[in-house]
Amino acid sequence: MAASEAAQGHEANGLPPGSREFQTLFDEVASKVEEYSAESGDPLDTLKARLAALCALERLANPAPTVPRNKAGLTIGILIAMLLGPIGIGVLIGLGTGMAHWISHMFG
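A brief report on the enclosed structure follows. (Residues numbered from 1 in each chain as written. Predicted model: local features only at pLDDT ≥ 70, side-chain atom pairs only at ≥ 80, totals over all residues. Heavy atoms only, no water.)

## Considering the overall build of the chain
Where we set the bar: In DSSP terms, a helix is any run of H or I states spanning at least four residues, a strand is any run of E spanning at least two, and both are numbered starting from the N terminus. Only C-alpha atoms enter the radius of gyration; for comparison, a globular chain is expected to reach 2.2 Å times N to the power 0.38, where N is the number of residues. Burial classification: accessible surface area is computed with a 1.4 Å probe over protein chains only, and a residue below 20% of its type maximum counts as buried, one above 50% as exposed, and the rest as partly exposed. Residue contacts follow a heavy-atom distance rule, with two residues in contact if any of their heavy atoms lie within 4.5 Å. For this count, His and the chain ends are skipped, Lys and Arg are scored as positive, and Asp and Glu as negative. For charged residues, the charge sits on one atom: NZ in Lys, CZ in Arg, CG in Asp, CD in Glu.
Along its length, the chain carries five helices and zero strands. Across the chain, helices and strands are ordered from the amino to the carboxyl terminus as α-α-α-α-α. At 29 Å, the chain has a C-alpha radius of gyration far larger than the 13 Å of a compact globule built from 108 residues. Along the first, second and third principal axes, the C-alpha atoms of the chain reach 90 × 30 × 25 Å. Looking at the chain residue by residue over its 108 residues, the buried ones come to 14%. In the chain, of all internal contacts separated by at least 6 residues, the share reaching a separation of at least 24 is 52%. Separation of charge centres in the chain, based on 7 positive and 11 negative side chains, amounts to 10 Å.

## Some points on the environment of G14
Following the sequence through the fold, G14 ends up in the loop between α1 (2-12) and α2 (20-40). A sequence separation of 39 residues divides G14 from A53, and the C-alpha atoms of the two residues are 19 Å apart.

Quick look at the structure:
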């Protein structure tokens with residue numbers, strides 16, 4: 001399959017997933033598979049399941065997003081940690097001091 005070899009070549013040359021070249025190759029192959037499906041009567045899903053190279057090309061053409069687009073949750077988490085972190089440390093220091101005082105009275 002020429003498209004598969006072309007995709008492998010692009011990938012070997014360091015072309016990032018989602019590039020226009022991968023999308024063009026996938027669109028060409030997908031249209032040919034759809035034409036074949038219409039002519040042969042084979043279900044399109046069955047053909048896609050049988051063609052591993054098509055699935056690989058689809059992943060290269062349309063990669064899953066790896067960076068969250070909305071970072072509001074991360075920002076809120078950092079702000080909460082910045083607020084509660086010093087409070088937590090103060091509580092731990094206070095507990096340690098109180099425990100030392102209690103032990104000194106008990107055994108001292």
